[in-house]
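# Residue-level structure breakdown
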Amino acid sequence: MEKNIESHLIEKRVFRPSREFGKNARIKSLAQYRKMYRESIRSPDRFWAREAKELIWHRSWKKVLDWKAPFAKWFVGGQLNLSENCLDRHLAGPRRNKAAIIWEGEPGEKRTLTYQQLHREVCRFANVLKRNKIRKGDRVIIYLPTTPEAAIAMLACARIGAVHSVVFGGFSADSIRDRIADSGATALITADGSYRRGTIVPLKNNVDHALSGGTSVERVIVFRRAGNEIHMEEGRDLWWHRELQYVDANCEPVPVDSEHPLFILYTSGSTGKPKGILHTTAGYLLGIYATTKYVFDIRDEDLFWCTADVGWVTGHSYVVYGPLSLGATTLMYEGAPNWPEPDRFWRIIEDYRVTILYTAPTAIRAFVRWGDNWVKKHDLSSLRLLGSVGEPINPEAWMWYHKTIGGGRCPVVDTWWQTETGSILITPLPGAIPTKPGSATLPFFGVDAAVVDESGEEVGANVGGKLIIRKPWPSMLRTIYGDRERYRKQYWSEFKGRYLTGDGARRDADGYFWIVGRIDDVLNVAGHRLGTSEIESALVAHAHVAEAAVVGRPDEMKGQAVVAFVTLKGSVAPSTGLKAELLDHVSEHIGAIAKPDEVRFAEALPKTRSGKIMRRLLKEIASGKTVTGDTTTLEDFSVLAKLSEEEVSSGTRERKISLSGL
Ligand code: PRX
């Protein structure tokens, strides 16, 4: 295994934090980071208790951590409310009339909500939820575009102790239905439509499909965003703006226990069924609060722009909760980065004087391809810090980001984390930790990360292995919703009591982490997680498909591209029409982001004698390599020869990338 995930990239460039940046930063030197890090590992209770005191509590905790592996409880006995921490606490002082959210819609509308205004809207919408019998602990699906209403809906749920589950707007009706079924949600909040590259995404339509046939959802609240024609189901669907007429703006935050569930966010794993990652209140809040404070070193004067869609964990943690918990100003943009032209991001940065930009390597690679001229047209001198997240960033893209976007003066923080981790775990601190292009550098406070071999032994410098976390951390997932056993098995069983990330990594001689990417059956396409078996299940659900195997192949733009090997049922003949049909089929079942880039029909798939598909071979074939390594377990050698003969160009090799949800 080590051989597979060893990285051959040795990067020698080092960028030290400028004296200027270090002087003003909260963590000013490597020595200060190391001292605090040591304390956070040796005395986590003391460290986290000190940080937690910066939050607002209704009742203080009795115990910082109760760890009965693999189940953690943080700040046991404490009570707080997350929306109060993001809103009410800022109303007493000068932040009251400061912008909390600055929003731009894809067609160009602009809106600003001050903390006072956002507080009012959240209180009113929380009253709408209450009016519709949504209570503490109830699950609410949010299927909204990146608009202030998404933040309002999330914060309103948190205000009354309801548990939100945001579903990314690019997911299909089937995906919504699955998430409703798994979460048992009784309410759903959506919009008529949203804008993406100038066209309207029919969100409400998708919801209607998802709900047809009956689900646990009793109420649908619809925000009017795009004005497109929609169907409103009598007795079930209500307009957001009409509901507001019946409520006032007084809504006291409901204090909840530290471990009260805050949200469920579904993500892909190595089985066909998405996992409902459950995060709870106090630990999650503390994780995003501390990382936003130290990693982005956010200030009152900053305008922070995280380009993620609210449907992903990055949107939860760093578009909404992180910046608001610190009283910062967060910028939200609804649409695509290349609409109407490829300089939309740079235009936004110039127009609003954005100071911190947090985006994904897949976007950065697209910008590189679109050319520097789009960048040069704009004044980006307001930027002071850049961040990257979602996948490994290749050093050349890092250098381009640093030089062309950051003008060589902005530190780049390459932040490694996952839906499961809730907040950033491995990252540079911009005033303290020298960066190396392509490395997420060192662990954040309290994070005991290591790279180990198959037996769980830590490997030496520059040897590849599995990335694990050896201690619980406040914003860790608490379980997979409704499936404690899967939680235990998936994350904590391979190395008992240690968290398995699913990523491969190595540490260099300076202890810096270099994340190689997933080593399980999960793909990372344009920064989005896709389970190969999820796509396989969708393909096999098609009437003509007998069997399917999905693998990743390296892709310059998207990181990985999806290649599907498909065998057809008896009398069905392969055709281009069928290929297109299969692509649509996957789109319908999961969403357009899961569409394979290439479908290859095969007579048979390479299998071991015990019937397991040999994905390693398929990966090699998909990336156009000759098959190397061990094939002795292969059952039928002729299968391999036939697969390799398949025309590489036979697939739909769409080079267009959608950058969905950035
Ligand atoms: O493989 C790692 C990659 O993204 C995975 C997590 O995906 P998701 O849960 O969708 O969350 C994405 C946003 C936090 C990880 O297992 N990944 C994320 N950030 C990085 C990364 N790989 C390398 N470097 C990163 N900075």
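Residues numbered from 1 in each chain as written. Predicted model: local features only at pLDDT ≥ 70, side-chain atom pairs only at ≥ 80, totals over all residues. Heavy atoms only, no water.

Attention now moves to the pairing of strand 29 (residues 559-568). Most of strand 29 is tucked away: 8 of the 10 residues are buried. Between strand 28 (residues 545-555) and strand 29, which pair antiparallel one after the other, the connecting turn spans 3 residues. Summarising the sheet, strand 29 and strand 30 (residues 598-601) pair through 4 bridges and their orientation is parallel. Among the inter-strand pairings, Val 563 is bridged to a residue of strand 30, identified as Glu 598. (Buried < 20%, exposed > 50% of the residue type's maximum accessible area, 1.4 Å probe, protein only. Helix = DSSP H or I, 4+ residues; strand = E, 2+ residues; numbered from the N terminus. Pairing = 2+ DSSP bridges.)

The next point concerns helix 11 (residues 281-294). The end-to-end C-alpha distance of helix 11, which contains 14 residues, comes to 20 Å, matching closely the 20 Å that a straight helix rising 1.5 Å per residue would cover. When you tally the buried positions in helix 11, you get 14 out of 14 residues, the bulk of the element. (Expected span 1.5 Å × (residues − 1).)

Attention now goes to unusual backbone geometry. Of the consecutive residues Ala 69 and Pro 70, the connecting peptide bond is found in the cis state with omega at 0°. Mapped onto the elements of the fold, Pro 70 is located in the loop between strand 1 (63-68) and strand 2 (71-76). Positive phi values are uncommon outside glycine, yet Thr 441 reaches one of about 65°. Mapped onto the secondary structure, Thr 441 falls in the loop between strand 20 (412-415) and strand 21 (449-452). Thr 441 gets classed as buried once you look at its relative accessible area, which sits at 0%.

Neighbouring the ligand are 16 residues, the closest being Asp 414, Thr 415, Thr 419, Asp 503 and Arg 529. Thr 419 places a side-chain nitrogen or oxygen 2.6 Å from an oxygen atom of the ligand. At 2.8 Å, a side-chain N or O of Asp 503 approaches an oxygen atom of the ligand. In isolation the ligand has 530 Å² of accessible area, and contact with the protein removes 96% of it. (Near = heavy atom within 4 Å. Polar contact = N/O pair within 3.5 Å; in protein donor to acceptor, adjacent residues only side chain to side chain. Areas by Shrake-Rupley, 256 points an atom, 1.4 Å probe, with all protein chains shown as cover.)

On the basis of which strands lie adjacent, the open sheet formed by 4 strands has the order 21-22-24-25 and antiparallel pairing. The sheet terminates laterally at strand 21 and strand 25 (513-518), the two strands that pair on one side only. Taken pair by pair, the neighbouring strands of this sheet meet at an average axis angle of 45°, ignoring direction. Across 4 bridges, the pairing between strand 21 and strand 22 (residues 465-469) is antiparallel. From the neighbouring strand, Ala 450 faces strand 22, where its bridge partner is Ile 468. (Axes fitted to C-alpha atoms, helices over the stretch in contact; angles between N-to-C directions.)

Turning next to the packing of aromatic side chains. Aromatic ring pairs are reported here in terms of the distance separating the ring centres and the angle at which the planes meet. Throughout the structure, instances matching the rule amount to 38 aromatic pairs. On the numbers, 5.4 Å between centres and 90° between planes, the contact of Tyr 294 with Phe 445 is edge-to-face. Of this pair, Tyr 294 sits in helix 11 while Phe 445 sits in the loop between strand 20 and strand 21, and the two are 151 residues apart along the sequence. Ring centres of Phe 296 and Tyr 318 lie 5.6 Å apart, and the angle between their planes is 70°; this geometry places the pair in the edge-to-face category. Within this pair, whereas Phe 296 is found in the loop between helix 11 and strand 16 (303-306), its partner Tyr 318 is found in helix 12 (residues 313-325), the two being separated by 22 residues in sequence. By relative accessible area, Phe 296 is classed as buried at 0%. Take Tyr 318: its relative accessible area is 0%, and that puts it in the buried class. (Phe/Tyr/Trp six-rings, centres within 6.5 Å; stacked < 30°, edge-to-face > 60°.)

Within this structure, the stated rule accounts for 49 salt bridges. A salt bridge links Lys 204 to Asp 208; the shortest N-O distance between them is 2.6 Å. In this pair, Lys 204 and Asp 208 both sit in helix 9 (residues 203-211), 4 residues apart, roughly one turn of the helix. Comparing Lys 204 with Asp 208 shows no difference in burial state: the two are buried. Taken together, the salt bridges that share partners define one network made up of Lys 204, Asp 208, Arg 236 and Asp 237. (Salt bridge = Lys/Arg side-chain N within 4 Å of Asp/Glu carboxyl O.)

Let us look at the packing of helix 8 (residues 173-183) against helix 9. Two numbers describe how helix 8 lies on helix 9: the axes approach to 8 Å, and their chain directions differ by 55°. Compared by their axis directions, helix 8 and helix 9 come out oblique. Seen along the crossing, helix 8 lies across helix 9 with a hand that is right-handed. Here Ala 173, Ile 176, Arg 177 and Ile 180 of helix 8 lie close against helix 9, whose contacting residues are Asn 206, Val 207, His 209, Ala 210 and Leu 211. (Parallel < 35°, antiparallel > 145°, perpendicular 65-115°, else oblique. Left-handed = near helix turned anticlockwise from the far one by under 90°. Contact = heavy atoms within 4.5 Å.)

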